[in-house]
Amino acid sequence: MCGIVGAIAARPVAGILLEGLRRLEYRGYDSAGMAVLDQGTINRLRRIGKVQALADACEQQPLPGGLGIAHTRWATHGKPSEQNAHPHMSGEGLAVVHNGIIENFEPLKQELQQQGYVFTSETDTEVVAHLLDRELQGGFDLRAALRNTLARLAGAFALGVIHVDQPHQLLTARKGSPLVIGVGIGENFIASDQLALLPVTDRFMYLEDGDIALLEADHIQVWDAQGQVAERAVTTFERSQGSAEKGEFRHFMLKEIYEQPRVMQAVLEGRIASGHLLEQAFGAAAGAVFDQVKQVQIVACGTSFHAGMVAKYWIEEWVGIPCMVEVASEFRYRPVVLPRDTLLLTLSQSGETADTLAALRAVQDRVLATLAICNVPGSSLVRESDLSLMTNAGPEIGVASTKAFTSQLVALMLTTIALGRRHGLSGERETELVAALEQLPGLLQQLLALDGPIEEMSAHFAEKHHALFLGRNVLYPVAMEGALKLKEISYIHAEAYPAGELKHGPLALVDKEMPVIAVAPRNGMLDKLKANLQEVRARGGELFVFAGCDQSIQAQEGVHVIHLPALPAVLDPIAFTLPLQLLSYHVAVLKGTDVDQPRNLAKSVTVE
Ligand code: HGA
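Residues numbered from 1 in each chain as written. Predicted model: local features only at pLDDT ≥ 70, side-chain atom pairs only at ≥ 80, totals over all residues. Heavy atoms only, no water.

As recorded in an unreviewed UniProt entry, the chain goes by the name Glutamine--fructose-6-phosphate aminotransferase [isomerizing], listed as coming from Marinobacterium marinum. We quote the UniProt Subcellular location (unreviewed entry) comment for the chain here in full: "Cytoplasm". Of the comments in the UniProt record for the chain, the one headed Function (unreviewed entry) reads "Catalyzes the first step in hexosamine metabolism, converting fructose-6P into glucosamine-6P using glutamine as a nitrogen source." (UniProt positions renumbered as here; feature names shortened; annotations may be inferred.)

Before going further, it helps to spend a moment on the pairing of strand 2 (residues 31-38). Burial runs high along strand 2: 7 of the 8 residues are buried. Looking at chain direction, strand 2 and strand 3 (residues 41-48) are connected through 8 bridges and run antiparallel. Of the residues in strand 3, the one forming a bridge with Leu 37 is Ile 42. Taken together, strand 2 and the strand that follows it, strand 3, pair antiparallel across an intervening segment of 2 residues, in which Gln 39 is found at a positive phi of about 45 degrees. Pairing of strand 2 with strand 4 (residues 67-73) involves 7 bridges; the strand directions are antiparallel. Each residue of the ladder has a partner; that of Ala 35, found in strand 4, is Ile 69. (Buried < 20%, exposed > 50% of the residue type's maximum accessible area, 1.4 Å probe, protein only. Helix = DSSP H or I, 4+ residues; strand = E, 2+ residues; numbered from the N terminus. Pairing = 2+ DSSP bridges.)

Turning our attention to the UniProt feature "active site" (unreviewed entry) in the chain. Those residues carrying the UniProt feature "active site" (unreviewed entry) are Cys 2 and Lys 603 in this numbering. With a relative accessible area of 8%, Cys 2 lands in the buried category. Contact partners of Cys 2, with chain neighbours within four places excluded, come to Arg 27, Gly 28, His 71, Thr 72, Arg 73, Trp 74, His 98, Asn 99 and Ser 192. (Contact = heavy atoms within 4.5 Å.)

Time to look at the pairing of strand 11 (residues 203-206). If a strand is regular, its side chains alternate between the two faces of the sheet. Both strand 9 (residues 180-183) and strand 11 contribute to a ladder of 3 bridges, which runs antiparallel. Within strand 11, the position partnered with Ile 181 by the bridge is Met 205. Inspection of the sheet shows strand 11 paired to strand 15 (residues 234-236) by 3 bridges, in the antiparallel sense. Of the residues in strand 15, the one forming a bridge with Met 205 is Val 234.

Turning our attention to the site of the ligand. Near the ligand you find 15 residues, and of these Cys 2, Arg 73, Thr 76, His 86 and Gly 100 are the closest. Within the side chain of Thr 76, one N or O atom sits 2.7 Å away from a nitrogen atom of the ligand. Burial of the ligand by the protein chains amounts to 100% of its free accessible area of 320 Å². Residue contributions to the shell around the ligand peak at 3 residues, all from strand 6 (residues 94-102). Grouping the amino acids of the shell around the ligand by side-chain chemistry returns 5 nonpolar, 8 polar and 2 charged. (Near = heavy atom within 4 Å. Polar contact = N/O pair within 3.5 Å; in protein donor to acceptor, adjacent residues only side chain to side chain. Areas by Shrake-Rupley, 256 points an atom, 1.4 Å probe, with all protein chains shown as cover. Nonpolar A, V, L, I, M, F, W, Y, C, P; charged D, E, K, R; others polar.)

The next point concerns the packing of helix 16 (residues 451-458) against helix 19 (residues 572-591). The contact between helix 16 and helix 19 brings their axes to 8 Å, and the two run at 50 degrees. Between helix 16 and helix 19, the crossing angle belongs to the class labelled oblique. In the crossing of helix 16 with helix 19, the sense of the turn from one axis to the other is right-handed. Residue-level contacts link Asp 451, Ile 454, Glu 455, Met 457 and Ser 458 of helix 16 to Pro 579, Leu 582, Leu 583, His 586, Val 587 and Leu 590 of helix 19. (Axes fitted to C-alpha atoms, helices over the stretch in contact; angles between N-to-C directions. Parallel < 35°, antiparallel > 145°, perpendicular 65-115°, else oblique. Left-handed = near helix turned anticlockwise from the far one by under 90°.)

Moving on, we get to the sheet that holds strand 22 (residues 387-390). Strand pairing within a sheet occurs via backbone hydrogen bonds; the two strands may be parallel or antiparallel. One open sheet accounts for 5 strands, arranged 19-18-20-21-22; its pairing is parallel. Since the sheet does not close on itself, it has two edges, and those belong to strand 19 (323-327) and strand 22, each with one partner. Strand after strand, the sheet turns through a mean of 20 degrees between neighbouring axes, direction not considered. Bridging between strand 20 (residues 342-348) and strand 21 (residues 369-374) involves 6 bridges; their strand directions are parallel. The partner of Ser 348 across the bridge, within strand 21, is Cys 374.

Membership of the largest hydrophobic core comes to 97 residues, with the highest contact counts inside it found for Phe 469 and Phe 546. Excluding anything up to four places from it in sequence, Phe 546 contacts Ile 454, Met 457, Ile 517, Ala 518, Val 519, Ala 520, Ile 562, Leu 564, Phe 576, Pro 579, Leu 580 and Leu 583. Core analysis: the second largest hydrophobic core is formed by 33 residues, Ala 7, Ala 196, Leu 198 and Ile 397 among them. (Core = buried A, V, L, I, M, F, W, Y, C linked by side-chain atoms within 4.5 Å.)

Tracing the backbone through its elements, the reader meets His 251 in the loop between strand 15 and helix 6 (252-258). The exposure class of His 251 is buried, given its relative accessible area of 13%. Ignoring any residue separated from it by four or fewer positions in sequence, one finds His 251 in contact with Lys 246, Tyr 585, Val 589, Val 595 and Asp 596.

With that settled, consider the UniProt feature "domain: SIS" (unreviewed entry) in the chain. The residues that UniProt annotates with the feature "domain: SIS" (unreviewed entry) are residues 286-425 and 457-598. With 45% helix and 20% strand, residues 286-425 has end C-alpha atoms that lie 17 Å from one another. Structurally, residues 457-598 comprises 35% helix and 19% strand, and the distance from its first C-alpha atom to its last is 22 Å.

Here a ring pair, both rings aromatic, is described through the centre-centre distance and the interplanar angle of the planes. Under the defined criterion, the tally for this structure stands at 4 aromatic pairs. Relative to Phe 290, the ring of Phe 282 lies with its centre 5.3 Å away and its plane at 80 degrees, an arrangement referred to as edge-to-face. Phe 290 gets classed as buried once you look at its relative accessible area, which sits at 0%. The ring of Trp 223 has Arg 143 lying over it, and the distance from NZ or CZ to the ring centre is 3.7 Å. (Phe/Tyr/Trp six-rings, centres within 6.5 Å; stacked < 30°, edge-to-face > 60°. Lys NZ or Arg CZ within 6 Å of the ring centre and 35° of its normal.)

Our next topic: unusual backbone geometry. Residue Pro 87 is reached from His 86 by a cis peptide bond, and omega for that bond is -5 degrees. Mapping Pro 87 onto the fold places it in the loop between strand 4 and strand 5 (88-90). The phi dihedral of Tyr 491 falls on the positive side, at around 65 degrees, and the residue is not glycine. Its place among the elements puts Tyr 491 in the loop between helix 17 (476-490) and strand 24 (493-498). Its relative accessible area of 27% is what places Tyr 491 among the partly exposed residues. Non-glycine residue Asn 600 carries a positive phi angle of around 65 degrees. Checked against the element boundaries, Asn 600 lands in the segment after helix 19. By relative accessible area, Asn 600 is classed as exposed at 61%.

Our focus in this paragraph is the sheet that holds strand 11. Judged by pairing direction, the sheet is antiparallel, and its 8 strands sit side by side in the order 3-2-4-1-10-9-11-15 without closing on themselves. Lying at the two open borders of the sheet, with one neighbouring strand each, are strand 3 and strand 15. Strand-to-strand twist in this sheet, taken as the mean axis angle between neighbours without regard to direction, amounts to 20 degrees. Across 6 bridges, strand 1 (residues 3-8) lies against strand 4 in antiparallel orientation. Across the sheet, the residue bridging to Ala 7 is Gly 68, located in strand 4. Contacting strand 1, strand 2, strand 4 and strand 10 (188-191), helix 1 (residues 14-24) crosses the sheet at an angle of about 160 degrees to strand 1. Across the face of the sheet, helix 2 (residues 51-60) comes into contact with strand 2, strand 3 and strand 4 while running at roughly 135 degrees to strand 3.

So this is what it looks like as structure tokens:
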């Protein structure tokens, strides 16, 4: 969701800002803009469309200067247009970029209009620029003006501000939206995500909610929400955490699918040894918490929600305690009943998902403990939870989540084992599960060999408008994730059902124009699933089956089958996900959609 970059340096910053925006484009890409201060003037360029349009404009009209802010937008207030693109200005002297939503912008706008401010955009952001100007007119310096302005704002924001009267200062603040400071040598930066700044620094300072920071080229000062001077630690980014380059791959999504064998290794590293789980991976306090837990409440959104659904099957089967799963946008707004000794488990790739964070904050005082499974260390979710387990998947740039999902599943299996140990899971079973997990990197490597046959299969979908995904038991959420992937990137309408539900409604949709995709591992439910598939065939539906290694499902007229290699049944949800990712990818490529940046979507959903 919207990406912010800012820089203050002794060299021209426009190139740094543009590169930062390119790296943040996964967060939003309907328009982009930049404002750079040069010799007492703020020069601003904004363009509708992708960052490349802004880069082209910069070629024509270079923006010299060593202080600037830039933005790539995912509109929440006002359509994507040049006028609504950030930075927004008040007069000629002040420019602002914003990620988030100002919930009370309407009364603020009215108030400012009554005082003579003229608005040139439909955005909520523009009130911030004018509020700041009003404070400056009232005699406050830039930092005090920002502090007074923040006191008027409701909602979520990360802000970058520059002013012509302060040519050596870049101001920033955050509340509820992500923002990181990049610490350079004689130059400093801000960004929504550290990825944006990796070409210029590997040292980062994470701001807390409510912080204001003032950056000069060789100095950074932070104040906390109470206005007290605050120390924020500087951490060094490990380059081994993955790269944000596409390399030889045509799309980030494909690269990220292919990275999964290595990611499986990364998420297991340091968490298992000699056939056992290393519980310390969850933090020193984890053992005592896991001992006491009587039920688990999982809260997440989108793909992470599907990972949570898989975990429900695992936790109830192997730990034997109740596990509830709910989407965060519902959970946060209803009076939830949480039995005593509930562990609240949140899942988010970015750790900045607004609804998930709000859900955590809403109930954290009413639960035994909170555990975050997340891909970004230092993210808000991780910092605000009692326990955390990193998925170590490295940067995920494709908007459609792939490796983040499978690494969450592994982290959830580790969590299940950790809980199970304290609730009667035998040592033997633990060893069995850990041994299965150890096979994952090799297994996913083998699965990638199915890419060719899956690409061939994808041709059947190019002309279709709808698709149905079926699975049973722990493979039902995998079918849901398969359907989500297909709709996200190919724009084919896709739904998932537990196969047993077919005859209760969706069967009415089945005809030769409705391809039905089934995930059919060899397990106790296979015969039942096969009966459901017969129901589809009997109505002329074309079947695409991802089957286990046994040969009991065979290709025939109207039935296309891809067999997976032999694998431990506990790994089915992870293994069967990969072919579904590849199928969506190839269908999207055939349809010619923008695979990494599908329309209307953005990654890291930091707005509600
Ligand atoms: N509300 C602002 C910023 C949107 C945003 O942060 N999206 O993720 C706007 O609509 O421009």
